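Structural overview
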Amino acid sequence: AQSVTQLDSQVPVFEEAPVELRCNYSSSVSVYLFWYVQYPNQGLQLLLKYLSGSTLVKGINGFEAEFNKSQTSFHLRKPSVHISDTAEYFCAVSDRAGNTPLVFGKGTRLSVIA
Amino acid sequence: DTGVSQDPRHKITKRGQNVTFRCDPISEHNRLYWYRQTLGQGPEFLTYFQNEAQLEKSRLLSDRFSAERPKGSFSTLEIQRTEQGDSAMYLCASSISLSADTQYFGPGTRLTVL
C-alpha cells in the first residue's frame, strides 16, 4: 500500500517570492507521482507527473517538481508565485502495475499575499 | 472534448433519504473513478470501473454506497439512508486504461446532509 505525507498544511508566501511545497511518499513498489491543484469550488487539475526518466519534471503555470528516490520525496517548486496561484495543492501516488488508484496527501493550502 | 461533468453540483438532503449522483466521463476514456473529499482532506478513493466492469469496490465506505456504469459510459453513485457523516464533496475522474494516464477530474458534487 502507498501513503503520501504533505508536510505543510498551509504555506503563506508573498507575491513574486519562490515557494516549495513538500511531499514525501511511502510505497513497497515502484510508483508514479503526481501534483494536482484545486481552485475554490472546482475539481482537481493536473500540474505535472513523474513517470520515468529525468527526475526534474516541468508542469503547467511555471511549476516544477523533483523526484528523489533515496529520500522518497517529490517536492513542488515555483521560482516566483502570483496571486492566481492561491489554491490547494495535492500530491498523489499510484503504483506502476495499475492495481491501485491515486492515493492523495491531505493537501497544502498555498496563500499568496500581495 | 467537454471534460468530465457531474450532476448535480450541489445536493442538500435530509438524513435518511437516498441520493444519486451522475458522472459523465470524457468520451474515449475507459476508466472511471469515484472519490470522496471531506473538508481539509485529500480525495479518498471509493471505487472504479474499467468500461462497465467494477474492478474495485472494497473501499466503498459501507453497504449503503453503490455505484454502477451499466453501458460503460456514464456512472451513478448512490447513497442510501444518508447520514450526516456522508456530507462531503464527491469527485469523479476518468482516464484511458493505462496506470500512467492522467486522471481528469470533474467539478464534483457537494452533498450536505441535514
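Everything quoted here is computed from the prediction, not taken from an experiment. (Residues numbered from 1 in each chain as written. Chains lettered and ligands numbered in written order. Predicted model: local features only at pLDDT ≥ 70, side-chain atom pairs only at ≥ 80, totals over all residues. Heavy atoms only, no water.)

**Structural notes on the sheet that holds strand β3 (residues 19–24) of chain B**
All names here are of chain B. Taken together, the four strands give an open sheet; going across it, the order is β1-β3-β8-β7, and neighbouring strands pair in antiparallel fashion. Edge positions in the open sheet fall to β1 (5–7) and β7 (65–68), since each of these has one partner strand only. Neighbouring strand axes in the sheet, compared pairwise and without regard to direction, differ in orientation by 15 degrees on average. Pairing of β3 with strand β8 (residues 75–79) involves five bridges; the strand directions are antiparallel. Of the residues in β8, the one forming a bridge with Cys23 is Ser75. (Pairing = 2+ DSSP bridges. Helix = DSSP H or I, 4+ residues; strand = E, 2+ residues; numbered from the N terminus. Axes fitted to C-alpha atoms, helices over the stretch in contact; angles between N-to-C directions.)

**Considerations on the pairing of strand β5 (residues 44–50) of chain B**
Residues and elements named next belong to chain B. In terms of residue burial, β5 counts as a mostly covered element, since six of its seven residues are buried. By the bridge criterion, six bridges tie strand β4 (residues 31–37) to β5 in an arrangement that is antiparallel. Bridge pairing in β5 places Arg31 opposite Gln50. Here β4 folds back onto β5, and the loop between the two strands holds six residues, one of which, Gly40, carries a positive phi near 80 degrees. In terms of strand pairing, β5 meets strand β6 (residues 53–56) through three bridges, oriented antiparallel. Paired with Tyr48 across the bridge in β6 is Glu56. Between the antiparallel neighbours β5 and β6 lie two residues, among them Asn51 with a positive phi of about 55 degrees. (Buried < 20%, exposed > 50% of the residue type's maximum accessible area, 1.4 Å probe, protein only.)

**Comments concerning the nonpolar core**
Formed by 28 residues in total, the largest nonpolar core has its most connected members in A:Leu33, A:Trp35, A:Leu47, A:Leu48, A:Phe74, A:Leu76 and A:Tyr89. Among the secondary structure elements, those contributing two or more residues to this core are β2 (10–14), β3 (19–21), β5 (31–38), β6 (44–50), β8 (64–68), β9 (73–78), β10 (87–95) and β12 (108–113) of chain A. In this structure A:Phe74 touches A:Cys23, A:Leu33, A:Phe34, A:Trp35, A:Leu48, A:Tyr50, A:Ala65, A:Glu66 and A:Phe67, once residues within four positions along its chain are discounted. Listed in part, the 19 residues of the second largest apolar core include B:Val19, B:Leu32, B:Trp34 and B:Leu111. (Core = buried A, V, L, I, M, F, W, Y, C linked by side-chain atoms within 4.5 Å. Contact = heavy atoms within 4.5 Å.)

**Considering the state of the cysteines**
Going through the model one piece at a time under the given rule, you end up with two disulfides over all chains. Here A:Cys23 pairs with A:Cys91 through a disulfide, and the sulfurs are 2.0 Å apart. Linking A:Cys23 and A:Cys91, the disulfide has an S-S dihedral of approximately -65 degrees and is accordingly described as left-handed. Placement of A:Cys23 in the loop between β3 and β4 (24–26) and of A:Cys91 in strand β10 is noted, with a sequence separation of 68 residues between them. Under the relative-accessibility criterion, A:Cys23 is labelled buried at 0%. Taking the relative accessible area as the measure of exposure, A:Cys91 reaches 0% and is therefore buried. Covalently, B:Cys23 is tied to B:Cys92 through a disulfide, its sulfur atoms 1.8 Å apart. Negative torsions about the S-S bond denote left-handed disulfides, and the value of about -65 degrees found for B:Cys23 with B:Cys92 makes this one left-handed. A residue pair is termed long-range when its members are at least 10 positions apart, and B:Cys23 in strand β3 and B:Cys92 in strand β9 (residues 88–95) qualify at 69 residues. (Disulfide = S-S within 2.5 Å.)

**Concerning the interface of chain B and chain A**
Listed by partner, the interface residues are 20 residues for chain B and 22 residues for chain A. Taken over both partners, the interface formed by chain B and chain A buries close to 1600 Å², and the fraction arising from carbon and sulfur atoms is 54%. For the interface between chain B and chain A, the tally reads four residue pairs in polar contact (both at pLDDT 80 or more). Looking at the side of chain B that touches chain A, the elements with two or more residues in it are β4 and β5 of chain B. For the side of chain B that touches chain A, the element with the most residues is β4(B), which contributes four residues. Grouping the constituent residues of the side of chain B that touches chain A by class yields nine nonpolar, eight polar and three charged. (Buried area = accessible area lost by both parts, 1.4 Å probe. Polar contact = N/O pair within 3.5 Å; in protein donor to acceptor, adjacent residues only side chain to side chain. Nonpolar A, V, L, I, M, F, W, Y, C, P; charged D, E, K, R; others polar.)

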